[in-house]
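# Structure assessment
This is what each chain is made of:
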There are 2 protein chains.
Amino acid sequence: MSRFEVLILGNSSATPMYGRHPTSQVLNFNEQLFLIDCGEGTQMQLFRYGIRSTKINHIFISHLHGDHYLGLVGLLSSQHLVGRQADLHLYGPAPLKEILDLQFKHSDTRLRYALIFHPTNESQAELILDTPMLRVTSFPLRHRIACTGFRFDEGKRAASLKADAIERLQIPTAYLKLLKKGIDYVAKDGTVFPASELTTPPPPARSYAYCSDTVLSPDYLPYIADVDLLYHESTFMHDMVDRAKETFHTTSLEAGEVAKTMGAKKLLLGHYSARYKDLQPLLQESRTVFSNTELSEEGKWFLV
Amino acid sequence: MSRFEVLILGNSSATPMYGRHPTSQVLNFNEQLFLIDCGEGTQMQLFRYGIRSTKINHIFISHLHGDHYLGLVGLLSSQHLVGRQADLHLYGPAPLKEILDLQFKHSDTRLRYALIFHPTNESQAELILDTPMLRVTSFPLRHRIACTGFRFDEGKRAASLKADAIERLQIPTAYLKLLKKGIDYVAKDGTVFPASELTTPPPPARSYAYCSDTVLSPDYLPYIADVDLLYHESTFMHDMVDRAKETFHTTSLEAGEVAKTMGAKKLLLGHYSARYKDLQPLLQESRTVFSNTELSEEGKWFLV
């Protein structure tokens, strides 16, 4: 089974304290690395956890609050300095381009690799990366400024061949790909061997959804249905729900309810307010409604 | 004696590695805090070393390479979020204002405190902060883009009174301030008591100079003469002097020579290239010409 895991680089909200860092995650899909948000310090966190930044080819930025993107110019500049040549695709709100251009202009930086910018759509969901192996969709969240979540869907996976049967029937190699696609094998004598008997069905495709930052809203729920792993911000505990609404954030109870309602298999909390040194209460609160909740912990990988 | 010390928050050049951070320092002058450069991660470093960011009222930015200022928006935003109300003075290259304004605009941030921006002069030295206790001068360095160093000069200090003599002669309190200023005391019977006999001379005023980033050049040397502590970048060792010149940086040997020539009492190296994991060779090289050299070490305070 190919790898599909997310590494937490930062789990703090806007004022980083207690050694926590602003938001950033690395998604490893089959040894392709995707960076989701890039708060201040991300390049140092990547180094700390042994991630080779040059292996990241796609970066997704949810919105333009500093704690979600201020590490970007540093990371892009360092990629330049270490001699990166591969294209780098960047997805984020349109004004991000202007911000980067202005900073590169005044630092007299001309990147030696191609930075390909894809503005995200703040008003409707869009398929922004479409490969047979993985599809990425951006969708609007509801925050103080334009903000999108991202959903990563694994492509349909191939069936596995039953090696014993293949060997016994001496099926020619040329047929194997067809079998995996569900096409039956017809022997020279006309006997039909159903593909379903010569293969085991593929494991179900997996999916990951990332929601930060947002107030609770029915608008984004359809886009995060039935994921294997849901990352959902939980800036506050529910006794602060008024403050959460006022600042367009969510509580850990609400995050648990979203996971439950939308059929997530597992929930990951994060984007913790600086008011919480101990995070266990947030975890317990979410578990009252959705037991398979975990705290996002910096430096820890979570399976999708 | 009032406190005059510098804390190293980051000693790395542009690609931070081995747990090092980009450039930033805190100068504590008599419990007033001054921030010099603000590389990515500075707010987390301040937290790590127990510095209360709200006590910083002046920030000095040398130039607009990311490793010297990318922590600024995060720090300024966090100051806003924690409810800072005191004015904050920012000194740096003119385009810095435009960069900050653009980022605050797109994050919809309206600072709740006054950020007072003072553009630095890239072509000549200027007295940028002038108080009786401390004067700060910016002066041009020679780098790929406009860059200034900063010099901090303690004001003339008052003489100390000789308590025994004051007591014995029953000198009225009103005269004590005059004595400290060197004005003789004339008793009612006309006897003159020279101030020099009733006081001990003030300790010499101290000074700190900060030079990062720059190629070796005679142009800036006059501005760093005779300082107690000189911070001078030493990105490379001297076998890389060609590379240093090409990238407008300095070697540790050159830093040592500058300190020696300009009469510094002590030299602090920094802004180390990512090629050096072990920094001892840079220290040894500088010490061949200037023995009182030290490595700037993150988290360590150095007396001016």
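Residues numbered from 1 in each chain as written. Chains lettered and ligands numbered in written order. Predicted model: local features only at pLDDT ≥ 70, side-chain atom pairs only at ≥ 80, totals over all residues. Heavy atoms only, no water.

Residue and element names in this part refer to chain A. Taking burial as the measure, the seven residues of strand β1 (residues 4-10) include seven buried ones, the bulk of the element. Looking at chain direction, β1 and strand β2 (residues 24-29) are connected through six bridges and run antiparallel. Residue pairing across strands places Phe4 opposite Phe29, the latter belonging to β2. (Buried < 20%, exposed > 50% of the residue type's maximum accessible area, 1.4 Å probe, protein only. Helix = DSSP H or I, 4+ residues; strand = E, 2+ residues; numbered from the N terminus. Pairing = 2+ DSSP bridges.)

Below, the discussion takes up the sheet that holds strand β16 (residues 266-270) of chain B. Residues and elements named next belong to chain B. An order of β7-β8-β9-β14-β15-β16-β17 is seen for the seven strands of this open sheet, with the pairing classed as mixed. At either margin of the open sheet sits one strand with a lone partner, and together these are β7 (126-130) and β17 (293-295). The sheet shows a mean angle of 20 degrees between the axes of neighbouring strands, taken without regard to direction. Here strand β9 (residues 148-154) runs beside strand β14 (residues 207-211); their pairing, made up of four bridges, is antiparallel. Counted as the bridge partner of Phe152 is Tyr208 from β14. Against the sheet, helix α9 (residues 280-287) touches β16 and β17, its axis set at about 170 degrees to β17. (Axes fitted to C-alpha atoms, helices over the stretch in contact; angles between N-to-C directions. Contact = heavy atoms within 4.5 Å.)

Residues and elements named next belong to chain A. Cross-referencing UniProt, the feature "binding site: Zn(2+) 2" (unreviewed entry) maps to Asp67, His68, Asp213 and His271 in the present numbering. A compact arrangement is adopted by the annotated residues: their sequence extent is 205 residues, whereas the largest C-alpha distance between any two is 10.5 Å. Here Asp67 is to be found in the loop between β4 (56-60) and α2 (72-81). With a relative accessible area of 9%, Asp67 lands in the buried category. Engagement of the side chain of Asp67 in a polar contact is seen with the backbone nitrogen of Ala14, the distance being 3.4 Å. Mapping His68 onto the fold places it in the loop between β4 and α2. Residue His68 is classed as buried on the basis of its relative accessible area of 0%. Polar contacts involving the side chain of His68 include one to the side chain of Asp37, which spans 2.8 Å. (UniProt positions renumbered as here; feature names shortened; annotations may be inferred. Polar contact = N/O pair within 3.5 Å; in protein donor to acceptor, adjacent residues only side chain to side chain.)

Rotating chain A by 180 degrees and translating it 0.0 Å along the rotation axis places it on chain B, where the RMSD comes to 0.1 Å. Considering both components of the superposition, the chain copies are consistent with a two-fold axis. Considering only C-alpha atoms, the part of chain A nearest the rotation axis is Gly41 of chain A, at 2.6 Å. An overlap of 100% is found between the interface residues of chain A and their copies at the interface of chain B, pointing to a shared contact surface. (Least-squares fit on C-alpha atoms with pLDDT ≥ 70 in both.)

Residues and elements named next belong to chain B. The contact between helix α8 (residues 252-261) and α9 brings their axes to 7 Å, and the two run at 40 degrees. For the pair α8 and α9, the crossing hand works out as right-handed. In this structure, α8 contributes Ser252, Leu253 and Gly256 to the contact, and α9 contributes Leu282, Glu285 and Ser286. When its residues are assigned to classes, the contact of α8 with α9 shows two nonpolar, three polar and one charged. (Left-handed = near helix turned anticlockwise from the far one by under 90°. Nonpolar A, V, L, I, M, F, W, Y, C, P; charged D, E, K, R; others polar.)

All names here are of chain A. Scanning the entire structure with this criterion turns up 24 aromatic pairs over all chains. Ring geometry for Tyr175 against Tyr185: centres 4.8 Å apart, planes inclined by 80 degrees, an arrangement best described as edge-to-face. Of the two residues, Tyr175 sits in helix α5 (residues 173-180) while Tyr185 sits in strand β11 (residues 185-186), which places them 10 residues apart along the sequence. Here Tyr175 falls in the partly exposed class, since its relative accessible area comes to 32%. (Phe/Tyr/Trp six-rings, centres within 6.5 Å; stacked < 30°, edge-to-face > 60°.)

Right, let's talk about α2 of chain A for a bit. Residues and elements named next belong to chain A. The buried count for α2 comes to nine of 10 residues, which makes it a mostly enclosed element. Of all the residues in α2, the buried ones are Leu72, Val73, Gly74, Leu75, Leu76, Ser77, Ser78, Gln79 and His80. Of the surrounding secondary structure, the elements contacted by the buried residues of α2 are β3 (32-38), α1 (42-48), β4, β5 (88-92), α3 (95-106) and β6 (115-119). In the stretch just after α2, Gly83 is the one whose phi turns positive, near 90 degrees.

The next subject is the environment of Lys245 of chain B. Residue and element names in this part refer to chain B. Here Lys245 lies in helix α7 (residues 241-246). According to the relative accessible area criterion, Lys245 is partly exposed, its value standing at 43%. Between the C-alpha atom of Lys245 and that of Met262, which follows or precedes it by 17 residues, the distance is 21 Å. If sequence neighbours within four positions are ignored, Lys245 has contacts with Val215 and Glu254.

Moving on, we come to the interface of chain A and chain B. Taken together, the 36 residues of chain A in the interface contact 36 residues of chain B. Inspection of the chain A/chain B interface yields zero salt bridges. Joining chain A to chain B, the criterion identifies 11 residue pairs in polar contact (both at pLDDT 80 or more). Elements represented by at least two residues in the side of chain A that touches chain B include exactly α1, α2 and α3 of chain A. Considering every element that reaches the side of chain A that touches chain B, the biggest residue donor is α3 of chain A, with six residues. For the side of chain A that touches chain B, the per-class residue count stands at 17 nonpolar, 14 polar and five charged. (Salt bridge = Lys/Arg side-chain N within 4 Å of Asp/Glu carboxyl O.)

Counting 56 residues, the largest nonpolar core has Ile59, Leu72 and Leu96 of chain A together with Ile59, Leu72 and Leu96 of chain B as the members making the most contacts within it. Residues contacting Ile59 of chain A, with those up to four places away along its chain left out, are Leu35, Leu72, Leu75, Leu76, Leu88, His89, Leu90 and Tyr91 of chain A. (Core = buried A, V, L, I, M, F, W, Y, C linked by side-chain atoms within 4.5 Å.)

What follows deals with the sheet that holds β5 of chain A. Residue and element names in this part refer to chain A. Read from one edge to the other, the open sheet built from seven strands follows the order β6-β5-β4-β3-β2-β1-β18, with strand pairing classed as mixed. For this open sheet the edge positions go to β6 and β18 (301-303), each flanked by a neighbour on one side alone. Averaged over all adjacent pairs, the angle separating strand axes in this sheet is 20 degrees, with direction ignored.

So, about the domain arrangement of chain A. What the domain assignment lists for chain A is domain 1 (4-157 + 203-303) and domain 2 (160-200). A C-alpha centroid distance of 43 Å is found between domain 1 of chain A and domain 2 of chain A. (Domains from an automatic or database assignment.)

Moving on: the UniProt feature "binding site: Zn(2+) 1" (unreviewed entry) in chain A. In the UniProt entry, the feature "binding site: Zn(2+) 1" (unreviewed entry) is given for His63, His65, His143 and Asp213 of chain A. A maximum C-alpha distance of 10.2 Å is found for the annotated residues, which run over 151 residues; spatially they form one tight group. Tracing the backbone through its elements, the reader meets His63 of chain A in the loop between β4 and α2. If sequence neighbours within four positions are ignored, His63 of chain A has contacts with Asp37, His68, Tyr69, Pro93, His143, Ile145, Ala146, Cys147, Ser212 and Asp213 of chain A. Here Ser62 of chain A takes part through its side chain, which lies 2.8 Å from a polar atom of the side chain of His63 of chain A. On the secondary structure map, His65 of chain A appears in the loop between β4 and α2. With residues near it in sequence (within four places) discarded, His65 of chain A still touches His143, Arg144 and Ile145 of chain A together with Ser107 of chain B.

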